[in-house]
Amino acid sequence: MALLEVKNLSIAFGGLRAVDGFDISIEKGQLYGLIGPNGAGKTTIFNLLTGVYKPNDGIINLDGKNIAGMRTIDINKAGVARTFQNIRLFKAMTVLDNVKVALQNEYRYSALTGICRLPKYFKMEKKMNERAEELLKVFDLDGQKDIMASNLPYGKQRKLEIARALATNPKMLLLDEPAAGMNPNETQELMDTIRFVRDTFDMTILLIEHDMKLVSGICEQLTVLNFGKVLAQGETSVVLKNPEVITAYLGE
């Protein structure tokens, strides 16, 4: 059974069908790409998968459970985490605290416990610190745990955002244009990081990306979207040679 099975997913804004009959099937552990021209509906699909939008039609089965229309927080608890094209860190907080924010659901204590600094508070804080530092070490960020997130170089901010997403213990990670704004060296490092995350955390990854070097370099399967509809699906190398894809997406 696929980890993610989406069937006939659709949403309209006014009279515009932003996503129309979208289907996708992603196996556990797969590194899957979703590409298409600007305005094709890619981010809308991410918003549907994460509960930002509620679909007009369709089913989103995650590990056999239909999560379509659920609240964002409940979808996250069910096992879907995401990053954003424009990095959304708490830039006035430390690197460590950015990860700890994502651990709040797992390590919980009451407001009274926190205010009064009861023993459970110190126990939970210790556990959160340890877990957050473990994740930061994976991304070679543990040495910068006490600096403000805004002071990290751009590439490391991307890594921190991925580390924070992983702190929610997802089954599936959605990466929204992770290479946006990166230079070629940073993009290569990002490719290595994504592969490392997939292999180390046994993670299933769906990513939106315009950088074709990254897409062709790491994505095993690919779906191309155009005007809210699936234009092509299949093995990445085959899809990228599809004449319709070349015409619609690459502009040749």
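The preceding data block contains the structure.
Conventions adopted
Residues numbered from 1 in each chain as written. Predicted model: local features only at pLDDT ≥ 70, side-chain atom pairs only at ≥ 80, totals over all residues. Heavy atoms only, no water. Pairing = 2+ DSSP bridges. Helix = DSSP H or I, 4+ residues; strand = E, 2+ residues; numbered from the N terminus. Contact = heavy atoms within 4.5 Å. Axes fitted to C-alpha atoms, helices over the stretch in contact; angles between N-to-C directions. 1 Å grid on protein atoms, 1.4 Å probe; cavity = no way out; pocket = protein on both sides within 12 Å on 5 of 7 lines; lining within 4 Å. Points joined across faces, edges and corners; volume = space filled by probe spheres on them. Nonpolar A, V, L, I, M, F, W, Y, C, P; charged D, E, K, R; others polar. Core = buried A, V, L, I, M, F, W, Y, C linked by side-chain atoms within 4.5 Å. Buried < 20%, exposed > 50% of the residue type's maximum accessible area, 1.4 Å probe, protein only. Parallel < 35°, antiparallel > 145°, perpendicular 65-115°, else oblique. Left-handed = near helix turned anticlockwise from the far one by under 90°.

Draft legend 1. Structural detail: the sheet that holds strand E5 (residues 65-66). In space, the 4 strands of this open sheet follow the order E2-E1-E4-E5, with antiparallel pairing throughout. Of all strands in the sheet, those with a lone pairing partner are strand E2 (16-26) and E5, marking the two edges. Along the sheet face, helix H1 (residues 42-49) touches strand E1 (4-13), E2 and strand E4 (57-62) and points at about 115 degrees away from the line of E1.

Draft legend 2. Highlighting empty space enclosed by the protein. Counted by the stated rule, this structure contains 1 cavity of 30 Å³ or more. In this structure, the largest cavity encloses a volume near 30 Å³. Around the largest cavity sit Leu4, Leu49, Ile60, Ile67, Val80, Met172 and Leu174, which together line it. Its residues assigned to classes, the lining of the largest cavity comprises 7 nonpolar, no polar and no charged.

Draft legend 3. Representation of the nonpolar core within the structure. Grouped together as the largest cluster of nonpolar side chains are 45 residues, with contacts concentrated most on Leu160 and Leu173. The biggest single contributor to this core is helix H6 (residues 154-166), with 5 residues. In this structure Leu173 touches Ala81, Arg82, Ile162, Ala165, Leu166, Val197, Met203, Thr204, Ile205 and Leu206, once residues within four positions along its chain are discounted. Counting 29 residues, the second largest nonpolar core, distinct from the first, contains Val6, Phe46, Leu62 and Leu225.

Draft legend 4. Inspection of unusual backbone geometry at higher detail. Residues other than glycine seldom take positive phi values, yet Asp140 does so here, at roughly 55 degrees. Residue placement: Asp140 occurs in the loop between helix H5 (119-138) and H6. Non-glycine residue Phe227 carries a positive phi angle of around 55 degrees. One can find Phe227 in the loop between strand E9 (221-226) and strand E10 (229-235).

Draft legend 5. Looking closely at the sheet that holds E10. Spatial strand order, E6-E7-E8-E3-E9-E10: 6 strands in an open sheet with mixed pairing. At either margin of the open sheet sits one strand with a lone partner, and together these are strand E6 (80-82) and E10. Within the sheet, the average angular offset between the axes of one strand and its neighbour, ignoring direction, is 20 degrees. As defined by bridge partners, strand E7 (residues 172-176) adjoins strand E8 (residues 204-208) across 5 bridges and the pair is classed as parallel. Its bridge partner lying in E8, Leu175 is registered against Leu207. With respect to the sheet, H6 is in contact with E6 and E7, its orientation differing from that of E7 by roughly 150 degrees. Helix H7 (residues 184-200) rests against strand E3 (31-35), E7 and E8 of the sheet, and its axis sits at about 155 degrees to E8.

Draft legend 6. Quick peek at the side chain of Lys100. Tracing the backbone through its elements, the reader meets Lys100 in helix H3 (residues 95-101). Here Lys100 falls in the buried class, since its relative accessible area comes to 10%. When sequence neighbours within four positions are dropped, the list of residues in contact with Lys100 reads Glu125, Met128, Asn129 and Ala132.

Draft legend 7. Expanded view of the packing of H6 against H7. Contact pair H6 / H7: the axes reach a minimum separation of 10 Å and the direction vectors enclose 15 degrees. Overall, the two elements H6 and H7 adopt an arrangement that is roughly parallel. In the crossing of H6 with H7, the sense of the turn from one axis to the other is right-handed. Along its contact with H6, which presents Gly155, Lys159, Ile162 and Leu166, the element H7 presents Glu186, Glu189, Leu190, Thr193 and Val197.

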